[in-house]
Amino acid sequence: MKRLTGLVLGVAAVLAGCGDNSKECGTGTTDVDGVCTGAGSGSGAICGDGTMLDADTGMCVIDPASCQGGTVLIAGDCVDPTAGLTADVTEGAEPNGLGVIEDSDAPAGQFDLKAIGGGAVVLQGNLNPHPDANDDGSPEPDVDSYLFEVSGPTLLDISVDGVGGISGAFALLPDPGDDQLANYIRLGLNFTGDTSKRQMYLPKAGIYLLAIGDSRTIRSGDPAGDANDKYYVSIEQKALPTATSLTLTAGAAQATGTITNGEVDVYSANIGDGVVEADLQTYDNNLTGELIYTVGPALRGLADETHGIPDTAAVVSGAAAASDVPLFIVDYVSNTSSTAVDYRLRVRSQATMALPANGSITQANPDNSLGDLAGLNRLSIDTTSADQLVGLELTFDTDVTADIFDANGNSLFSFNELDANTTFTHYKGVVRLPTAGRYYVVYYSPLANVGDPIQVTSKFTNLTSQTLTYNTPVTAVAPGEYNAVVYDYTLGTEPWQLVTAAANAASGGAVVHIYGVDDTYGTLSNLTIDDAGTAETLTPDQSTIAEIDAAGGGNAAQGVITPLALPNVLIVAETTNSAGTFDLKTEKRVYTDEGDHAPPYTHTDSAVVLPSAGGFVSDSVRYLVKTTPGSTVTITATPTALLNVNINALNSAESVIASAPAKPAGQAETLVRTAGSTGYVAFQVAAPAATPAVLGNTFDLAITIAAPPPPPAKFFTVTPSTTTYMNICGVGSTDITPAPEARDDGFTTNQTISGFNFYGGADRPAFKVATNGYLTFDTAAADSFTVYNFDAVPSAEVPDFTIAPFYSDIVNARICTRVDGTKTTVQWTGIEYGQGFLADQNVAFQVIMNSADDTFELVYAPYTHSGNFDAGGVMKNWTDATDGANGQALFDFLGTVDVAGKAYKFTKTP
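Here the structure is a predicted model, which is why all the values come from computation and not from measurement. All residue numbers here refer to positions counted from 1 along the written sequence of the relevant chain. Predicted model: local features are reported for residues with pLDDT of at least 70 only, side-chain atom pairs are reported and counted for 80 or more only, and whole-chain, interface and lining totals are derived from all residues. Where side-chain values are given, they derive from all heavy atoms of the structure, hydrogens and water being excluded.

Undergrad: Pulling in residues and values, what's your account of the overall build of the protein chain?
TA: Helices and strands together make up the secondary structure of the protein chain, namely 1 helix and 69 strands. Out of the 910 residues belonging to the protein chain, those deemed buried represent 51%. Long-range pairs, those at least 24 residues apart, make up 74% of the contacts in the protein chain between residues at least 6 apart in sequence. Each accessible area is a Shrake-Rupley result for a 1.4 Å probe, and residues are judged covered by the shown protein chains and nothing else. As presented, the protein chain carries roughly 36,900 Å² of accessible surface, and 50% of it is formed by carbon and sulfur atoms. Only DSSP runs of H or I covering at least 4 residues are called helices, and only runs of E covering at least 2 are called strands; the numbering of each starts at the N terminus. Buried means the residue's accessible area, taken with a 1.4 Å probe over protein chains only, is under 20% of the maximum for its type, while exposed means over 50%, and partly exposed covers the values in between. Contacts are residue-level and defined by heavy atoms, with any inter-residue pair within 4.5 Å sufficient.

Undergrad: Describe empty space enclosed by the protein, naming the residues involved and giving the relevant values.
TA: Cavities and pockets were defined on a 1 Å grid built over protein atoms only: a cavity is a set of grid points that admits a 1.4 Å probe from which the probe cannot escape, a pocket is an open set flanked by protein on both sides within 12 Å along at least five of seven lines, and lining residues are those with an atom within 4 Å of any such point. Grid points are joined across faces, edges and corners, and a volume is the space filled by probe spheres set on the points. Scanning the entire structure with this criterion turns up 6 cavities of 30 Å³ or more. For the largest cavity, the calculated volume is near 40 Å³. What lines the largest cavity is simply I381, V390, L392, I404, V431, L433, Y439, Y440 and V441. Sorting the residues of the lining of the largest cavity by element identifies β29 (388-406), β31 (424-433) and β32 (437-444) as the ones contributing at least two each. Side-chain classes follow a simple rule in which Ala, Val, Leu, Ile, Met, Phe, Trp, Tyr, Cys and Pro form the nonpolar group, Asp, Glu, Lys and Arg form the charged group, and the remainder, Gly included, forms the polar group. Class assignment for the residues of the lining of the largest cavity results in 9 nonpolar, no polar and no charged.

Undergrad: Run through the sheet that holds strand β23 (residues 314-320), naming residues and quoting values.
TA: Strand pairing requires that DSSP identify at least two bridges connecting the strands. In spatial order, the strands read β18-β25-β20-β23; together these 4 strands make up an open sheet with antiparallel pairing. Edge positions in the open sheet fall to β18 (252-259) and β23, since each of these has one partner strand only. Adjacent strand axes in the sheet meet at a mean angle of 15° when their direction is disregarded. The pairing of β18 with strand β25 (residues 341-350) spans 8 bridges and is antiparallel. Of the residues in β25, the one forming a bridge with Q254 is R346. Axis geometry follows a simple rule: fit a line to the C-alpha atoms, using only the stretch in contact for helices, then measure angles between N-to-C directions, giving values from 0 to 180 degrees.

Undergrad: Tell me about the pattern of salt bridges, and please be specific about residues and values.
TA: In what follows, salt bridge is the name for a side-chain nitrogen of Lys or Arg lying within 4 Å of a carboxyl oxygen of Asp or Glu. Inspection of the entire model under this criterion finds 23 salt bridges. A salt bridge links E236 to K238; the nearest nitrogen and oxygen atoms lie 3.6 Å apart. With relative accessibility at 12%, the residue E236 sits in the buried group. Overall, the relative accessible area of 31% leaves K238 in the partly exposed class. E393 is the partner of K459 in a salt bridge, and the nearest nitrogen-oxygen pair spans 3.6 Å. Separated by 66 residues along the polypeptide, K459 in strand β33 (residues 453-463) and E393 in strand β29 bring together distant segments of the chain. Its relative accessible area of 14% is what places E393 among the buried residues. Linked by salt bridges that have partners in common, E277, D279, R344, R346 and R348 make up one network.

Undergrad: A description of the side chain of E494 should follow, citing residues and the corresponding values.
TA: Structurally, E494 can be placed in the loop between β36 (484-490) and β37 (496-503). Apart from residues lying up to four places away in sequence, E494 is in contact with Y470, T562, K588 and Y591.

Undergrad: Provide a residue-level description of the state of the cysteines, including the pertinent values.
TA: Note on terminology: disulfide denotes any pair of cysteine sulfur atoms within 2.5 Å. This structure, assessed with the given rule, holds 1 disulfide. Covalently, C729 is tied to C816 through a disulfide, its sulfur atoms 2.2 Å apart. Since a negative S-S torsion denotes a left-handed disulfide, the C729-C816 link at about 115° is right-handed. With a gap of 87 residues between them, C729 in the loop between β57 (716-720) and β58 (734-735) and C816 in strand β63 (residues 810-820) connect regions that are remote in the sequence. For C729, a relative accessible area of 2% translates into the label buried.

Undergrad: So what's going on with the packing of aromatic side chains? Residues and values would help.
TA: We call Phe, Tyr and Trp rings a pair once their centres come within 6.5 Å, taking the six-membered ring for Trp, and we label the pair stacked below 30 degrees between planes, edge-to-face above 60, and tilted otherwise. Inspection of every chain in the model, using the stated rule, returns 16 aromatic pairs. Measuring from ring centre to ring centre gives 6.4 Å for F845 and Y860, while their planes differ by 35°; the resulting arrangement is tilted. With F845 in strand β65 (residues 841-850) and Y860 in strand β66 (residues 855-860), the pair connects residues that are 15 residues apart, well separated along the chain. Side by side, F845 and Y860 carry an identical accessibility label, which is buried. Relative to Y904, the ring of Y860 has its centre 6.5 Å away and its plane inclined at 70°; by these criteria the two rings are edge-to-face. With a gap of 44 residues between them, Y860 in strand β66 and Y904 in strand β69 (residues 903-908) connect regions that are remote in the sequence. For the pair formed by Y860 and Y904, the shared burial category is buried. Positioned above the aromatic ring of Y332 is the side chain of R198, whose terminal nitrogen or guanidinium carbon lies 3.8 Å from the ring centre. Cation placement over rings: the criterion is NZ of Lys or CZ of Arg within 6 Å of the ring centroid and within 35° of the ring normal.

Undergrad: So what about the environment of S215? Which residues, and what values?
TA: Here S215 lies in helix α1 (residues 215-220). Placed 19 residues apart in sequence, S215 and S196 show a C-alpha to C-alpha distance of 8.4 Å.

Undergrad: Give a description of the pairing of strand β11 (residues 154-163) that names residues and reports values.
TA: In the case of a regular strand, side chains alternate between the two sheet surfaces. Summarising burial for β11: 9 of the 10 residues are buried, a large majority. Of the pairings in the sheet, the one linking β11 to strand β14 (residues 195-202) comprises 8 bridges and is antiparallel in character. Among the inter-strand pairings, L156 is bridged to a residue of β14, identified as M200. With 9 bridges joining them, β11 and strand β16 (residues 230-238) adopt antiparallel strand pairing. Note on β16: the bridge partner recorded for L155 is K238.

Undergrad: Describe the sheet that holds strand β46 (residues 592-596), naming the residues involved and giving the relevant values.
TA: In a beta sheet, neighbouring strands pair by backbone hydrogen bonds and run either parallel or antiparallel. Strand order in this open sheet of 5 strands is β46-β50-β55-β52-β53, and the pairing throughout is mixed. Lying at the two open borders of the sheet, with one neighbouring strand each, are β46 and β53 (656-659). Between one strand axis and the next, the sheet turns through 25° on average, direction left out of account. Sheet topology note: the strand β52 (residues 646-650)/strand β55 (residues 680-686) ladder contains 4 bridges and is antiparallel. In the strand pairing of β55, N648 is matched with Q684.

Undergrad: Break down the environment of T748 for me, citing the residues and quoting the values.
TA: Within the secondary structure, T748 sits in the loop between β58 and β59 (751-752). Judged by relative accessible area, T748 falls into the buried class, the value being 6%. Once the C-alpha coordinates of T748 and T737 are considered, the two residues, 11 residues apart in sequence, prove to be 6.3 Å apart. Leaving out residues up to four positions away in the same chain, T748 has contacts with I736, P738, K768, V769 and I815.

Undergrad: Explain a nonpolar patch on the surface residue by residue, including any values.
TA: Any residue with relative accessible area above 30% and no salt bridge may belong to a patch, with like charges joined within 9 Å and the nonpolar Val, Leu, Ile, Met, Phe, Trp and Tyr side chains within 5 Å. On the surface, L642, V694 and L695 cluster together to form a nonpolar patch covering roughly 310 Å² of accessible area. By the secondary structure assignment, V694 is in the loop between β55 and β56 (698-706).

Undergrad: Which residues make up the confidence of the model for the protein chain, and what are the values?
TA: Residues shown with low pLDDT carry predicted positions that ought not to be read at fine detail. Along the chain, pLDDT gives the predictor's confidence residue by residue, from 0 to 100. Mean pLDDT over the protein chain: 79, with 79% of residues reaching 70 or higher. Confidence over residues 31-50 falls short of pLDDT 50; this stretch has 48 contacts with residues more than four positions distant or in other chains. With pLDDT under 50 throughout, residues 867-896 is counted as low confidence; its partners more than four residues away or in other chains account for 97 contacts.

Undergrad: An account of unusual backbone geometry is needed here, citing residue identities and associated values.
TA: Cis geometry marks the peptide bond from E94 to P95; its omega dihedral reads -10°. Relative to the helices and strands, P95 resides in the loop between β7 (89-90) and β8 (109-110). A cis amide bond links P599 to the next residue, P600, at an omega of 0°. Positive phi values are uncommon outside glycine, yet L98 reaches one of about 55°. You can call L98 buried: its relative accessible area is 0%. With a phi close to 60°, D854 is a non-glycine residue in the positive phi region. Relative to the helices and strands, D854 resides in the loop between β65 and β66.

See below:
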């Protein structure tokens, strides 16, 4: 979890907070309906206490650090909070820092932004340090964190005004699961007044966290405030200022400006084709500048200065297309300077050389110290259609690393990531590009000095795929100048096919890759590199359905089970050398098709013969069964007395995915499989390697198909509820969190409840709560049941009489209960391990059980995400005492129900 504890900004600041203690508007301002309004005009105007001169308008305006008269800064005005000011969100129960400085798991609340021009969202809370929890003799700092979401790039005007002696401050953090925003943070600090105010630019859509604290707390984690210290937060959405247009001369432009009044500046530049690089430099150690590069809603780059050290610039770069109009936003991470801070913005467009279709070009080895596109040699390829196949050959006169980037700067393929080797000198093969437009081959040599010439000889051609037809061989195919031919292939109706490749000796061997047609881009062919003088062929880093590798002068075959794969595929056949030829054919695999059978179904075969040759069992026998998805298929093979057999379930490329438990020779083996969504089960029966046929090579086979278990019976009706999640942990509740050693995968002690009949005819007098998101009335259930990896629900592993609102791996859980009349509420707050926001996913949810009518509700906090938990809902006792059968799920979310901010009520059916 991201924390600000120990944050050091390298700023020189005086920790002097001052509160609102005057009862009059400051000199130069007038009380207009409870709002202190500035007055004055002209550059020579003398602005009184509490105001400052706006250099743009020449008018006296409110100094945001100095709202007087018991007023607080709201949307740029000083407002009396006792004169009808209503907060949109009031701080929830403590602790609520959501892991920012203070150790807590819940937020203070969440809010929705108002539209541009719709006014400010107002938050109100208190900053009161918590009692000493770590026994260091000092109270723990109080930080209140609020969640909100934006749908695209957004400009906000935020102020935090402290009342009663605190200096209002804030930090803004993004979802750390977003790699593009890994280094993004915004701070609002004020060490000479009680109000922090600034604009900030949120560069992309997503969830953000606004943490409120005292300036001393946000800067260094020091506690500040007391029970009487309040804060008021104003968050107003603003339109992005009109961009200042930059004109590039000789590929470069420069602008200077001033960061003042907490505002951001926006610039645009018509870059044209190529690579853009921009840098921002400021001249005050008290400000850490940040530069943001966007095109439309897309974030292209973001970089900080090194905490304002002079001559250390923030640098962004990336590819640009002719139609792009990039924006460069001058922003900052933090600013405690008492004066305006000058900055310089430079933008450079670096033209990209066209990759020769058939020729050579020489470029100097670049300085790649920036580690981005600007620090690499760039050669461009233009395409006019989507899914374009390009034959590409590159030869370098020294070892290089290389990538293919699209126009957005996204790496489509990294040649040097194919294995531990990091450099190569030659590539020849086929590349598939997803969309029309410009692509970049970028490279540099880690072995050459900066400025050394690197010669690249290139050749590329737009290619057209061929058509391959089932059971129609192609023979003596010349691989062409790129050593590869791409075929479109429709798998058709034959469910199990055999693909065979052969290559003559002159070809050096053939390799066939079978790819899914919808998601395979980048290089489709092998890469030959020179590793310490030894040529090595590396397979593309693409997901294949199957691969066939035929040696020169030989052949190889591979089965493909088409119902488990895709209806259409790309088949890429390539040879080591352009000389020679290859053959390619598809045909029916030798197997037994059991047909399509609805359960129940039974089939037996006697004395099935395993193929043999030269006195040894030489091959397996294969079967394909089709049935209703979810049906149970049981396969039993009983061999002759001296023979041992293996039963193996197969995937689409005939790889073994499950095997029957091994048994001695002569004993039956049994494999049980559940038919997936396609309804197919493929398997083979084989003997161990080098089994002599004289031992006997026959077996009896039995296949039975049983119906899927019936759908869960619903003993409750489920309807949406209007109950709103309200944090109960605090005054009036009981904290039943397990001991520290049991907070992860643990149970609480038994809790009593009066008169609640969950299921069946008897009241349930007690329950215990698992940290992993469920409670059970089976108080004798072993603690081992609190694991989070049950089999699919329903499961015999789940304890009897269980309500599971959010069954998942929840860590650092806090569990509270509260009784209100006939209602007993159980609340979980914690972190779902390994999910999304703040490194993991924060969750909070409740079960409210009502003894008056035996109903219960599942209630979810607005920030609890949907769809990632393994199972949820309600289960009855799984083992029925009368017949031993598994019980039934009464209700089961299975991760498909939208739960964020929702509630669901369960009422027993008649």
